[in-house]
Amino acid sequence: MKLDQAEVEAGLASLPGWSLEADDKWIARKYRFGTFLDAIAFVNEVARLSEAANHHPMIAIDYRMVTLRLTTWNAGGLTPLDLATAAEFNEAFERVKAQRASGSQDADGQA
């Protein structure tokens, strides 16, 4: 079920770093990492979660910056699945950040 504008805004309020794109059909977040390998570790975790949920983001890797974008194609916009998946990606970021903190530079999420 496609979310209306108020539902999207309410959902985004609990998703640090995520924002609604200009077309109102996508949400996006940029994550910044200390190293390229940290960024790739995060992308691998995103891939694992995406496969499990059968809901896949657009992923852009720019050295130490990873940008994720979500929408639900068959709904023509955002659904509760997009918000839930974004929350899982934020949790994955925190896990990767904690795992890498002991052996490499910290990762910093960027809004």
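Just above sits the structure.
Calculation notes
- Residue indices begin from 1 for each chain and proceed along its sequence in written order.
- This being a predicted model, a pLDDT of at least 70 is required before a residue's local features are given, and a value of 80 or more before pairs of side-chain atoms are given or counted; all residues contribute to the totals for chains, interfaces and linings.
- Side-chain metrics rest on all non-hydrogen atoms present in the structure, leaving aside hydrogens and water.
- When accessible area is computed with a 1.4 Å probe and restricted to protein chains, residues below 20% of their type maximum are described as buried, those above 50% as exposed, and intermediate ones as partly exposed.
- Under the DSSP-based scheme used, a helix requires at least four consecutive residues in state H or I and a strand at least two consecutive residues in state E, with every element numbered from the N terminus.
- For two strands to be treated as a pair, DSSP must find no fewer than two bridges joining them.
- Grid points spaced at 1 Å and placed over the protein atoms alone form the basis of the search, with a cavity being a set where a 1.4 Å probe fits but cannot get out and a pocket an open set showing protein on both sides within 12 Å along at least five of seven lines. Lining residues have an atom within 4 Å of a point.
- Grid points are joined across faces, edges and corners, and a volume is the space filled by probe spheres set on the points.
- The nonpolar class holds Ala, Val, Leu, Ile, Met, Phe, Trp, Tyr, Cys and Pro. Asp, Glu, Lys and Arg form the charged class, and all remaining residues, Gly among them, are polar.
- Helix axes are fitted to C-alpha atoms over the stretch in contact, other axes to C-alpha atoms as well, and angles between N-to-C directions run from 0 to 180 degrees.
- Should an angle lie under 35 degrees it is considered roughly parallel, over 145 roughly antiparallel, and from 65 to 115 roughly perpendicular; all remaining angles are considered oblique.
- If you view the pair so one helix is near and one far, a crossing is left-handed when the near helix is turned anticlockwise from the far one by less than a right angle, and right-handed when it is turned clockwise.
- Residues count as neighbours in contact if any of their non-hydrogen atoms are within 4.5 Å of one another.

1. With respect to the pairing of strand β4 (residues 65-70)
- By the criterion of burial, β4 is predominantly enclosed, with five of the six residues buried.
- Sheet topology note: the strand β2 (residues 27-32)/β4 ladder contains six bridges and is antiparallel. Residue pairing across strands places I27 opposite L70, the latter belonging to β4.
- Note that strand β3 (residues 58-62) and β4 share five bridges and pair antiparallel. If you follow D62 over to β4, its bridge partner there is M65.

2. Some points on empty space enclosed by the protein
- Tallied over the entire structure, the rule returns one cavity of 30 Å³ or more.
- Roughly 30 Å³ of volume is contained in the largest cavity.
- Lining the largest cavity, in full, are W26, H56, P57, M58, R69, L70, T71 and W73.
- The class makeup of the residues in the lining of the largest cavity is five nonpolar, two polar and one charged.

3. A word on the packing of helix α2 (residues 36-53) against helix α3 (residues 80-101)
- Two elements in contact, α2 and α3, have axes separated by 10 Å at closest approach and are oriented at 140 degrees. When the interaxial angle is binned, α2 and α3 end up oblique. Considering how the two elements wind past one another, α2 and α3 form a crossing that is right-handed. Only E88, F89, A92, F93, R95, V96 and R100 of α3 make contact with α2, whose side of the interface consists of L37, D38, A41, F42, E45, V46, R48, L49 and S50.

4. Some remarks on unusual backbone geometry
- Of note, the phi angle at D24 is positive, near 65 degrees, even though the residue is not glycine.
- Assignment of secondary structure puts D24 in the loop between β1 (19-20) and β2.
- Take D24: its relative accessible area is 39%, and that puts it in the partly exposed class.
- Residues other than glycine seldom take positive phi values, yet Y63 does so here, at roughly 60 degrees.
- For Y63, the location among the structural elements is in the loop between β3 and β4.

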